[in-house]
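Chain and residue survey
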Amino acid sequence: MTARTAHPMLPVADHDEQAQQRFVLALKQHVSANVTAGNHAVYNARVLPAFTKAEGRAPRNRHEVRRWMEREPYHQMWGSLMRLGQELMWDYILESVDRQLDDLVTLSTPKPGVGGTLRLDPGFEQPRYLALVDQHGQPGSYYTDTRADDVRAGAILDQGAAIYHFGKAGGAMVDARGRTLVQHVFDAYPDLEPRRILDLGCCVGAGTLPLPEFFPQAEVHAIDTGAPILRYAHARAEHLGRRVHFAQQSAESLDYPDNHFDLVTSMVVLHETSTAALPRIFAECMRVLRPGGVMVHLEVPVRYPDMDSLCEQVLRDWQTYYNDEPFWGRVCETDLVAMAVQTGFADAVQGYQTQTLDPQRGATGWPNPPTSRPGHWYIVSARKPKG
Ligand SMILES: C[S@@+](CC[C@H](N)C(=O)[O-])C[C@H]1O[C@@H](n2cnc3c(N)ncnc32)[C@H](O)[C@@H]1O
């Protein structure tokens, strides 16, 4: 589970910590594979008939179903297990990271360097939607500094990511999102040869690093709001030999010039921003892209308008109410193509891109498949008109 050889910044779990982390991974896998499905049985056998009898009609939306499901003991048990899995995961990882934090801080001043840079803004204020909650239950979220030169939040996220995604998002490198986004660019914009790329909400840079790998001619920039994750991301990239220029700023108000980038990306960021922030982020993408440049947002493969089952929608919406992702539900139902068009983008497309670790030019076609399935990511992308 913890790959000792992935890169020097990745915390290494000792024997007991590995036992804890394997336990929580097994708990999460068990809940996902065996317990979650029981909710559908409860919905079909109890909730739907009771609702229909009481209301004289079928439920119209996931909010109605959620209120009824939440009265069911089985659903309550499932929700408790889900939350327990999250809390135990962070508790165990915190223990492991804190044991080795001094070493990680020392390692985070990369000595040889590959030419990447880090710009922090000591006066930066977190957007309200990030300051309100500790995202997905991580204590201190993405931005809390606990000491000088802190990298703790980044180390926690990096070690946690492999568990969070059951190891299916690219193993210890957690780079499947970045590789899948590159595949989308190859499929949907085969003519694009980006010279300057900007990745929004880069976090520890796991999704960012495939960008310099597959577009080696490009100057790659990456921004986020959290200082400790950016310090960690910079050190991680340098140790992995990838040149990236990191900066602390908000995707809602970037400090780059107009018409500067050929490609602007984000990966699983939009659902953590607010509905008010979304159009501002799209407007900034438009401003910093050169005419003909491309914006690509990769997101969780949950689009409520594409989902037939209201029960499944309720299960996905657990994130909104119980996993400290308050805007998940609203962003997952927002028409992002319409928003791109309103912002002035041309040829906006959306769909599901098959996850890949091995992007190839001209490989899979796009979109693929038509509806959300496990092993796919939702993508919305568009071009800035040429003139
Ligand atoms: C789930 S993480 C992204 C992971 C990363 N993109 C990857 O694929 O490896 C979401 C990130 O979005 C960042 N974020 C949220 N709102 C932002 C904003 N307005 N500007 C910049 N970053 C933002 C958070 O700080 C967090 O690091």
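What you are looking at is a predicted structure, and each value in this text was computed from that prediction instead of being measured. (Residues numbered from 1 in each chain as written. Predicted model: local features only at pLDDT ≥ 70, side-chain atom pairs only at ≥ 80, totals over all residues.)

**Some points on the overall build of the protein chain**
Put simply, the rule is: Secondary structure follows DSSP: runs of H or I at least 4 residues long count as helices, runs of E at least 2 residues long count as strands, and numbering of each begins at the N terminus. Here the radius of gyration uses the C-alpha set of atoms, whereas the globule reference equals 2.2 Å times the residue count to the power 0.38. The exposure scheme places C-beta atoms from the backbone and then counts, for each residue, the other C-beta atoms within 10 Å of its own, assigning buried at 20 or more, exposed at 12 or fewer, and partly exposed in between. Residues are scored as being in contact if the C-beta atoms we place from backbone atoms lie within 7 Å.
Check the secondary structure of the protein chain and you find 15 helices and eight strands. Computed over the C-alpha atoms, the radius of gyration of the protein chain is 21 Å, within 12% of the 21 Å expected from 2.2 N^0.38 for a compact globule of 387 residues. When the backbone C-alpha atoms are referred to their principal axes, the protein chain occupies close to 65 × 55 × 40 Å. Considering the protein chain as a whole, with its 387 residues, one finds that 44% of them fall into the buried category. By sequence separation, contacts in the protein chain at least 24 residues apart represent 79% of the contacts at least 6 residues apart.

**Looking at the pairing of strand E5 (residues 261-267)**
Our working rule: Note on pairing: two strands pair once DSSP finds at least 2 bridges between them.
Taking burial as the measure, the seven residues of E5 include seven buried ones, the bulk of the element. Two elements, strand E2 (residues 196-200) and E5, share four bridges in a ladder whose sense is parallel. The residue of E5 that forms the bridge with Leu200 is Ser266. Of the strand pairs in this sheet, E5 and strand E6 (residues 289-299) are connected by six bridges, and their pairing is parallel. For Phe261, the partnering residue across the bridge sits in E6 and is Leu289.

**Notes on the nonpolar core**
Generally speaking, nonpolar side chains in soluble globular proteins are found buried as a group. We count it as follows: Buried Ala, Val, Leu, Ile, Met, Phe, Trp, Tyr and Cys residues form a nonpolar core when they are connected through C-beta atoms within 7 Å.
Ranked by internal contacts, the top residues of the largest apolar core, which has 84 residues, are Cys203, Ile229, Tyr232, Ala233, Val264 and Met295. Per element, the largest residue contribution to this core is eight residues, and it comes from helix H7 (residues 152-164). In this structure Val264 touches Leu198, Leu200, Cys285, Val288, Leu289 and Met295, once residues within four positions along its chain are discounted. One finds Val47, Trp68, Met82 and Leu315 within the second-largest nonpolar core, a separate group that totals 12 residues.

**Some words on helix H8 (residues 176-188)**
Stated formally: By this rule, a helix spans an expected 1.5 Å times one less than how many residues it contains.
The first and last C-alpha atoms of H8 sit 18 Å apart over 13 residues, in line with the 18 Å expected at 1.5 Å per residue. Among the 13 residues that make up H8, 12 are buried, leaving the element largely enclosed by the rest of the structure. All of the buried residues in H8 are Ala176, Arg177, Gly178, Arg179, Thr180, Leu181, Val182, Gln183, His184, Val185, Asp187 and Ala188. Here the buried face of H8 lies against helix H9 (210-214), E5, E6, strand E7 (346-354) and strand E8 (376-383).

**A short note on the site of the ligand**
The condition is simple: By convention here, the C-beta atom is placed from the backbone, and a residue is near a molecule or strand when that atom is within 6 Å of it. Note on residue categories: nonpolar means Ala, Val, Leu, Ile, Met, Phe, Trp, Tyr, Cys or Pro, charged means Asp, Glu, Lys or Arg, and polar means any other residue, Gly included.
Close to the ligand lie 24 residues; Gly201, Cys203, Gly207, Ala251 and Met267 are nearest. When the residues that make up the shell around the ligand are grouped by side-chain class, the tally is 14 nonpolar, six polar and four charged.

**Concerning H7**
Its 13 residues place the ends of H7 17 Å apart at the C-alpha level, agreeing with the 18 Å of an ideal helix rising 1.5 Å per residue. In terms of burial, H7 is largely enclosed, as 13 of its 13 residues are buried.

**Observations concerning the packing of helix H2 (residues 38-55) against helix H4 (residues 73-99)**
Formally: Angular values range over 0 to 180 degrees, each being the angle between N-to-C directions of two axes fitted as lines to C-alpha atoms, with helices fitted over their stretch in contact. Oblique is the label for any angle not covered by the other classes, which are roughly parallel (under 35 degrees), roughly antiparallel (over 145) and roughly perpendicular (65 to 115). When the near helix sits turned anticlockwise from the far one by under a right angle, the crossing is termed left-handed; a clockwise turn instead gives a right-handed crossing.
Closest axis-to-axis distance for the H2/H4 pair is 9 Å, and the angle between their directions is 155 degrees. Comparing their axes, H4 and H2 come out roughly antiparallel. The two elements H2 and H4 meet at a crossing, and its hand is left-handed. Taken together, the residues of H4 that come into contact with H2 (itself represented by Gly38, Asn39 and Val42) are Tyr74, His75 and Trp78. Considering only residue class, the contact of H2 with H4 consists of three nonpolar, three polar and no charged.

**Overview of the environment of Ala338**
Position of Ala338 relative to the elements: it lies in helix H15 (residues 336-343). Given 10 C-beta atoms within 10 Å, Ala338 falls into the exposed group. In sequence terms Ala338 and Val349 are 11 residues apart; their C-alpha atoms lie 9.9 Å from each other.

**Overview of the sheet that holds E6**
What the eight strands build is an open sheet, ordered E1-E4-E3-E2-E5-E6-E8-E7; its pairing is mixed. The open sheet terminates on both sides in strands that have one partner only, identified here as strand E1 (117-119) and E7. Across this sheet, the average inter-strand angle for adjacent strands is 15 degrees, counted without regard to direction. Pairing analysis gives six bridges linking E6 to E8, with the strands arranged antiparallel. Bridged to His297 within E8 is Val380. Sheet strands touched by H8: E5, E6, E7 and E8. Its angle to E6, the strand with the most contacts, is close to 135 degrees. Running over the sheet, H15 touches E7 and E8 and is turned about 150 degrees from E7.

**Concerning unusual backbone geometry**
Non-glycine residue Val174 carries a positive phi angle of around 50 degrees. Mapped onto the elements, Val174 comes out in the loop between H7 and H8. Of note, the phi angle at Asp347 is positive, near 55 degrees, even though the residue is not glycine. On the secondary structure map, Asp347 appears in strand E7. A residue is classified by how many C-beta atoms lie within 10 Å of it, and Asp347, with 13 of them, is partly exposed.

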